[in-house]
Amino acid sequence: MARRIDYSARYKHTPKEVYNAFTNRDYWDARIEEMRKYSENHIEHFDVNDDGIDIVLHHILPRSELPEIAQTVMKKDMVITRKESYTPFGEPTTGTYEASIPAGPGSLTGTMKLFATETGCTFRTSSEAKVYLPFIGGKLEQLMLVNLIDLFRAEAEITETWLSQH
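Predicted, not measured: the structure shown is a model, and the values here were computed from it.

About the criteria used
- The written sequence of each chain sets the order in which its residues are numbered from 1.
- Since the coordinates come from a predicted model, pLDDT governs what is reported: local features require at least 70, and pairs of side-chain atoms require 80 or more to be given and counted, while whole-chain, interface and lining totals use all residues.
- Only heavy atoms go into the side-chain values, all of them from the structure, while hydrogens and water stay out.
- A strand pair is defined by DSSP finding two or more bridges across the two strands.
- The numbering of helices and of strands both runs from the N terminus, where a helix is a DSSP run of H or I of at least 4 residues and a strand a run of E of at least 2.
- Lines fitted to C-alpha atoms define the axes here, with helix axes fitted over just the stretch in contact, and angles between the N-to-C directions of these axes take values from 0 to 180 degrees.
- By definition in these notes, contact holds between two residues if any of their heavy atoms fall within 4.5 Å.
- In the sections that follow, a salt bridge refers to a side-chain nitrogen of Lys or Arg positioned within 4 Å of a carboxyl oxygen of Asp or Glu.
- Whether a residue is buried, partly exposed or exposed follows from its accessible area with a 1.4 Å probe, protein chains only, as a fraction of its type maximum: under 20%, in between, or over 50%, in that order.
- Only buried Ala, Val, Leu, Ile, Met, Phe, Trp, Tyr and Cys residues count toward a nonpolar core, and they belong to the same one when joined by side-chain atoms within 4.5 Å.

The seven strands are arranged 1-7-6-5-4-3-2 in an open sheet whose pairing can be described as antiparallel. Where the open sheet ends on each side, the last strands, each with one partner, are strand 1 (3-11) and strand 2 (40-49). Across this sheet, the average inter-strand angle for adjacent strands is 15 degrees, counted without regard to direction. Alignment of strand 1 against strand 7 (residues 120-131), held across nine bridges, turns out to be antiparallel. Looking at strand 7, one finds that Ile 5 is bridged to Ser 127. Helix 2 (residues 25-35) rests against strand 2, strand 3 (52-61) and strand 4 (78-86) of the sheet, and its axis sits at about 165 degrees to strand 2. Packing against the sheet, helix 4 (residues 137-165) makes contact with strand 1, strand 4, strand 5 (93-100), strand 6 (106-117) and strand 7, and its axis sits at approximately 10 degrees to strand 1.

In structure tokens, the structure reads:
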């Protein structure tokens, strides 16, 4: 059974300013550099064209830093490939993401929506975690989603700081 969770990052900037950051390789490089405080990261692919934005990120989490329940499933460092795609700028701008782990027993997918608010804009992410393991699947799904919220919160703070400085 899949578990779902939503996270909303609120910015004092316009949707166009946030989207423009997403189209800027310097933004992604700064975000990756800041996220290296938590895990090894790099950008595998970055493309902006008339169809929108496509980016592929790699996150490497040492097995020794994973919770015990995750270590029972992962016998090596966890390598997460995260693919994000955004439509061209519009009201709203939408996107999708998927995160995969080689030989991982599940999936993590989501949708994203960037839209205007009275005070700036909101970037809402709706995520779904599925783990196909009896007995511990639900616990791992919940663990994934809780950690995902922490990740999204950190990324939102980086985005806000980057926008304020540019």
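As enumerated under the stated definition, the model contains 13 salt bridges in all. A salt bridge links Glu 128 to Lys 130; its shortest N-O distance comes to 3.6 Å. Among the residues examined, Glu 128 registers a relative accessible area of 16% and is labelled buried. Judged by relative accessible area, Lys 130 falls into the partly exposed class, the value being 29%. A salt bridge links Arg 153 to Asp 150, with the nearest nitrogen and oxygen atoms 3.3 Å apart. You can see Arg 153 and its partner Asp 150 sitting in helix 4, three residues apart, about one turn around the helix. Note on Arg 153: relative accessible area 37%, which makes it partly exposed. Residues joined in a network through salt bridges with shared partners are Arg 31, Arg 82, Glu 84 and Glu 155.

We now examine the nonpolar core. Counting 37 residues, the largest nonpolar core has Tyr 11, Val 18, Phe 22, Trp 28, Tyr 86, Leu 108 and Phe 123 as the members making the most contacts within it. In terms of residue count, the dominant contributor to this core is helix 4 (eight residues). Those residues in contact with Tyr 11, other than ones at most four positions away along the chain, are Val 18, Thr 119, Gly 120, Cys 121, Phe 123, Ala 156, Thr 159 and Glu 160.

A separate point is the pairing of strand 5. Where burial is concerned, the two faces of strand 5 differ: the one with Thr 93, Gly 95, Tyr 97 and Ala 99 is buried and the one with Thr 94, Thr 96, Glu 98 and Ser 100 is not. Relative to strand 5, strand 4 runs antiparallel, the two sharing six bridges. In the strand pairing of strand 5, Tyr 86 is matched with Gly 95. Where strand 4 folds back on strand 5, the antiparallel hairpin that results is connected by six residues. In the sheet, strand 5 pairs with strand 6 via seven bridges, with the strands oriented antiparallel. Considered in strand 6, the bridge of Thr 93 is made with Leu 114. Connecting the antiparallel pair strand 5 and strand 6 is a turn made up of five residues, with Ala 103 showing a positive phi of about 60 degrees.

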